[in-house]
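Each chain is listed here by its residues.
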Amino acid sequence: MSERLAGTSFSLLKYDNPVLVREPSDGNKRRVDELPQLQPASTGLTGGNTSRSIIATTPGPVPDPPSPPGGNKSRDAIRREAQDAINAILPPKEWTEDDQIWRQLVSSTPATRLDVLALQEQLDSRLKQRQAREIGICPIRRELYSQCFDELIRQVTVSCSERGFLLARVRDELNLTLLSYQTLYESSLAFGVRKALQAEIGRGEMEDQIEQLKHVEQNLECQKTELKVELERNAKRAQEDMESLKEQHAQEVESLQQSNKQLKELLEGVLTGNK
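The structure contained in this document is the topic of the report that follows. (Residues numbered from 1 in each chain as written. Predicted model: local features only at pLDDT ≥ 70, side-chain atom pairs only at ≥ 80, totals over all residues. Heavy atoms only, no water.)

### What about the side chain of glutamine 147?
Stated formally: Strands are runs of DSSP state E lasting at least two residues, helices are runs of H or I lasting at least four, and both sets are numbered from the N terminus onward. Only protein chains enter the accessibility calculation, which uses a 1.4 Å probe; a residue whose area is less than 20% of its type maximum is buried, one above 50% is exposed, and one in between is partly exposed. In what follows, a contact means two residues having at least one pair of non-hydrogen atoms within 4.5 Å.
Along the chain, glutamine 147 falls in helix α5 (residues 139–159). Using a relative accessible area of 13% as the deciding quantity, one classes glutamine 147 as buried. Excluding anything up to four places from it in sequence, glutamine 147 contacts Phe10, Ser11, Leu12 and Leu13.

Listed below in structure tokens is the structure:
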């Protein structure tokens, strides 16, 4: 029995010892039928050394609490009602081992103050052992606190099933809210990845455009240098042409002045001879 218990994963939720569920017969048919029917879920226990097929149950929608008891009831009836309420809120585990079906119910034993203190110590110890993060998103911390909350629901349900059903509704609503936040978080991550990829693609195109503009800038700089050199050369040539024209003009003026002087002297000599 100890090896079978060691083969299951540790949980803060308190369970009874596993019970071997045999095929229904005349002697134990009623006992098997009284156990709650289980629905397989996607998650299960981590097996030990023995090969086993494990089926775990996850809490579904919480059914309505039973009607208030009327009249006097025996302890067995009260205990059976508490066990039924616990099974409805926290379904038992079921797995197969060596072609035998085993079932482990959540314990219906009432909890004392020492049990609550021990639960707190176990929670702190498991948080340290599994190195759960104190802040931020941490699946390990969420798992352990969910187990602790289920154990508290179990303890409350044993003493008051109605209060246990109400706490189970609060738990389910909290799980739905957390699932919504998780979906939103995953969507935001996907959106961020898409934007990053788009930015990376746009960055490549922008870098290519920058390279092209740099080549255009270099070509324009070369053209500017060539035009500047040609402008200086044209200015120098125009200056030389202007100097040459000025020199030619000065020579022509000087030649005309010499001719004018000679003609004037000739005219004066003619006028003087006639007198």
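### Remarks on the pairing of strand β4 (residues 100–104)
Formally: Only strands joined by at least two bridges in the DSSP assignment are considered to pair.
Here three bridges tie strand β1 (residues 19–21) to β4, and the two strands are oriented antiparallel to one another. Each bridged residue has a counterpart across the sheet, and for valine 21 the counterpart in β4 is isoleucine 101. The pairing of strand β3 (residues 93–97) with β4 spans five bridges and is antiparallel. Bridge pairing in β4 links glutamate 94 to arginine 103. The turn linking β3 back onto β4 is made up of two residues, and aspartate 98 within it adopts a positive phi angle of 55 degrees.

### As for α5
Put simply, the rule is: Helices are assigned an expected span. That span is 1.5 Å times one less than the residue count.
With 21 residues, α5 extends 31 Å between its outermost C-alpha atoms, agreeing within 8% with the 30 Å of an ideal straight helix rising 1.5 Å per residue. Three or more residues of α5 are buried, namely Leu144, Gln147, Cys148, Asp150, Glu151, Ile153, Arg154, Gln155, Thr157 and Val158. Residues of α5 that are buried sit in contact with α3 (75–89), α4 (113–129) and α6 (161–274).

### A closer look at α6
With 114 residues, α6 extends 161 Å between its outermost C-alpha atoms, agreeing within 8% with the 170 Å of an ideal straight helix rising 1.5 Å per residue. All of the buried residues in α6 are Ser161, Gly164, Phe165, Ala168, Arg171 and Asp172. For α6, the elements touching its buried residues are α3 and α5.

Coordinates in, geometry out; function isn't part of it.
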